[in-house]
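Results of the structural survey
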Amino acid sequence: GQQVMQIPQYQHVQEGEDFTTYCNSSTTLSNIQWYKQRPGGHPVFLIQLVKSGEVKKQKRLTFQFGEAKKNSSLHITATQTTDVGTYFCAGRHSGYSTLTFGKGTMLLVSP
Amino acid sequence: GAGVSQSPSNKVTEKGKDVELRCDPISGHTALYWYRQSLGQGLEFLIYFQGNSAPDKSGLPSDRFSAERTGGSVSTLTIQRTQQEDSAVYLCASSLWTSGGAGEQYFGPGTRLTVT
């Protein structure tokens, strides 16, 4: 089946440090979405990227879609304790209707 | 309602019993998805409904799992003869359907299933 690999699995940072999570697919993605799941909560949509090389920003969060549309990244600048949670990427492979979720990156931020 | 709702929020059942989990999607959302999330794990796709099309059942782990969607709205996920490995949080999500495919997914709060 289609797979989306996400790394790292877990990261613990000090408040104020930067954080990046990466997603990679062996085949081309039509689009990729990013979700955040707070501890005890459910995934909440953050953003969707569609175009090759696309970069989108949401305050301290920067999302990138690779030129080949096979990889993506989420970068958080100057993390805050409110950023704690698990970040999932979800890619839609060309020719498929459903999303394939990565296993997520759990972010822990210490004050 | 304002969002996706699921019931029950928690379900404890004995091994071998059948369970039904319910999902009420956002009104107007034609796409509905079921996922399973085990503790500390990612989202495992189970089944997907889109409008009146035949559902995509490719993620169902065994024939003990089934789902239906009535009237294009409410969906029920049924697990027969539950096993301990079925213990997980079952998440439902709905989305609009666009020319580019499924849009952003709105998740319900989930049903935590514990099989004893």
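Described below are features of the structure shown in this document. (Residues numbered from 1 in each chain as written. Chains lettered and ligands numbered in written order. Predicted model: local features only at pLDDT ≥ 70, side-chain atom pairs only at ≥ 80, totals over all residues. Heavy atoms only, no water.)

**Brief notes about the state of the cysteines**
Among covalent bonds in proteins, the disulfide is the one between the sulfur atoms of two cysteines. We apply this condition: Pairs of cysteine sulfur atoms within 2.5 Å are what we label disulfides. Secondary structure elements follow DSSP: runs of H or I no shorter than four residues count as helices, runs of E no shorter than two count as strands, and numbering proceeds from the N terminus. Relative accessibility decides the category of a residue: with a 1.4 Å probe and only protein chains considered, values under 20% of the type maximum give buried, values over 50% give exposed, and everything between is partly exposed.
Per the stated rule, a full pass over the model turns up 2 disulfides over all chains. Between Cys23(A) and Cys89(A) runs a disulfide, and the two sulfur atoms are separated by 1.7 Å. Where Cys23(A) bonds to Cys89(A) through sulfur, the torsion about that S-S bond is close to -95°, and the disulfide is left-handed. Linking Cys23(A) in strand 3 (residues 19-24) with Cys89(A) in strand 9 (residues 85-93), this pair joins segments that are 66 residues apart in sequence. Owing to a relative accessible area of 0%, Cys89(A) belongs among the buried residues under this scheme. Here Cys23(B) is linked by a disulfide to Cys92(B), with a sulfur-sulfur distance of 1.8 Å. Between Cys23(B) and Cys92(B), the disulfide has an S-S torsion of -65° and is therefore left-handed. Taken together, the residues Cys23(B) in strand 3 (residues 19-24) and Cys92(B) in strand 8 (residues 88-95) connect sequence positions 69 residues apart. Accessibility assignment for this pair places Cys23(B) and Cys92(B) in one class, buried.

**Considering the side chain of Thr62(A)**
Which entries qualify depends on this criterion: Note on definitions: a residue-residue contact is assigned when non-hydrogen atoms from the two residues lie within 4.5 Å.
Mapped onto the fold, Thr62(A) is located in strand 7 (residues 61-65). Excluding anything up to four places from it in sequence, Thr62(A) contacts Val55(A), Lys56(A), Lys57(A), Ser73(A), Leu74(A) and His75(A).

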